[in-house]
Amino acid sequence: MTRHFLLALSLMIGLASAPPSNATTLTVSAAASLRDAFTEIGAEFEKANPPHRVQFNFGGSGQLLQQLKRGAPVDVFASADIATMDGAEAANVIFRDGRANFARNQMVLVIPPDSRPAPRTMDDLRGPGYARIAIGNPESVPAGHYAMMAMVDAGLWDALKPKTVNTQNVRQTLDYVARGEADAGFVYLTDALTMRDRVKVAFNVPLKAQILYPIAALKGWGNEHLARKFVEFVTGEPGQRILAKYQFARP
């Protein structure tokens, strides 16, 4: 087998594996709590819309918003709260007419599975057995902001704030508890269910506000048509079926 033949063969393989010239790669920035559901949604969207591809950037909603404001080339944004999407709208980076709420979640307190006794109420977190309480950074992570507001509403923020350990996103909070690096953590129910063998849900956290997830197509990157199509997929029956599989409720 000659060197020239091997070179030609490698070029043929490379061309065969390369995406078609008319394929678009859609970039979606989404809240960390959407990782599992959106990964599946992305795969189903690709099947329904060949030859296009979807790539994801998951993180804390506030951090993702800052990236958008700095000009990150993103086509779709999905946040874990209304306020962050309001920030994107105020920065004029999204299409207002395509914005929609697509999912709802529940906040829970998780603890390591061998914790004894398990807390039953927010007030129990005052106890000495809960020296490290993991929450997302309230300034940039919606889950952390919800957790802080739950403590404020319960009149416990001043007592519990010295115990809190800030994380970059809700999945890091979950990891801290799963690894035993925190005695308790505030996460979404959907996140807790991804590690049901490594964390235990102690109780549902009472909140005055609903945890709603909005999504919108972004301006300026030339993929607006496909971005709107992805938003429609998420808010439509295919996306809602997958979200329900991961225990997200309809908005």
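(A) View of the environment of Pro-162. Positionally, Pro-162 belongs in the loop between α6 (157-160) and β7 (164-167). Classification of Pro-162 by relative accessible area gives exposed; the value is 69%. Taking the C-alpha atoms as reference, Pro-162 lies 8.9 Å from Ala-131; in sequence the two are 31 residues apart.

(B) A look at the side chain of Asn-105. Considering the arrangement of structural elements, one finds Asn-105 in strand β4 (residues 100-105). When its relative accessible area of 9% is taken as the criterion, Asn-105 is described as buried. Within the structure, Asn-105 has its side chain in polar contact with the side chain of Tyr-213 (distance 3.0 Å). With residues up to four places along the chain from it excluded, the contact list for Asn-105 reads Tyr-188, Leu-189, Thr-190, Ile-211, Tyr-213 and Phe-248.

(C) Region of interest: the nonpolar core. Among the nonpolar cores identified, the biggest contains 68 residues, and Phe-38, Phe-102, Phe-186 and Phe-230 are the most heavily contacted of them. Sequence-distant contacts of Phe-102, defined by excluding residues within four places in its chain, comprise Leu-34, Phe-38, Ala-78, Tyr-213, Pro-214, Ile-215, Val-234, Thr-235, Gln-240, Leu-243 and Pro-251. One finds Val-74, Phe-77, Ala-88 and Ile-94 within the second-largest nonpolar core, a separate group that totals 11 residues.

(D) A look at the pairing of strand β2 (residues 53-59). Across 7 bridges, the pairing between strand β1 (residues 25-31) and β2 is parallel. Directly across from Thr-25, in β2, lies its bridge partner Arg-53. Between the parallel elements β1 and β2, the chain passes through helix α2 (residues 35-48) in a crossover that is right-handed.

(E) Representation of the packing of helix α3 (residues 61-69) against helix α4 (residues 82-90). Between α3 and α4, the shortest axis-to-axis distance is 10 Å and the interhelical angle comes to 5°. What the angle tells us is that α3 and α4 run roughly parallel. Residues Ser-61, Gly-62, Leu-65 and Lys-69 of α3 form the contact with α4, whose participating residues are Thr-84, Gly-87 and Ala-88. Residue composition of the contact of α3 with α4, grouped by class: 2 nonpolar, 4 polar and 1 charged.

(F) Examining the sheet that holds strand β5 (residues 107-111) more closely. On the basis of which strands lie adjacent, the open sheet formed by 5 strands has the order β7-β6-β8-β5-β9 and mixed pairing. Two strands close off the open sheet at either side, each with one partner strand: β7 and β9 (200-204). Between one strand axis and the next, the sheet turns through 35° on average, direction left out of account. Here strand β6 (residues 133-136) runs beside strand β8 (residues 184-188); their pairing, made up of 2 bridges, is parallel. Note on β8: the bridge partner recorded for Ala-134 is Gly-185. Here helix α5 (residues 142-153) sits on the sheet in contact with β5, β6, β7 and β8, set at roughly 120° to β8.

Rules behind the numbers
- Residues numbered from 1 in each chain as written.
- Predicted model: local features only at pLDDT ≥ 70, side-chain atom pairs only at ≥ 80, totals over all residues.
- Heavy atoms only, no water.
- Helix = DSSP H or I, 4+ residues; strand = E, 2+ residues; numbered from the N terminus.
- Buried < 20%, exposed > 50% of the residue type's maximum accessible area, 1.4 Å probe, protein only.
- Polar contact = N/O pair within 3.5 Å; in protein donor to acceptor, adjacent residues only side chain to side chain.
- Contact = heavy atoms within 4.5 Å.
- Core = buried A, V, L, I, M, F, W, Y, C linked by side-chain atoms within 4.5 Å.
- Pairing = 2+ DSSP bridges.
- Right-handed = clockwise from strand over helix to strand, strands pointing away.
- Axes fitted to C-alpha atoms, helices over the stretch in contact; angles between N-to-C directions.
- Parallel < 35°, antiparallel > 145°, perpendicular 65-115°, else oblique.
- Nonpolar A, V, L, I, M, F, W, Y, C, P; charged D, E, K, R; others polar.

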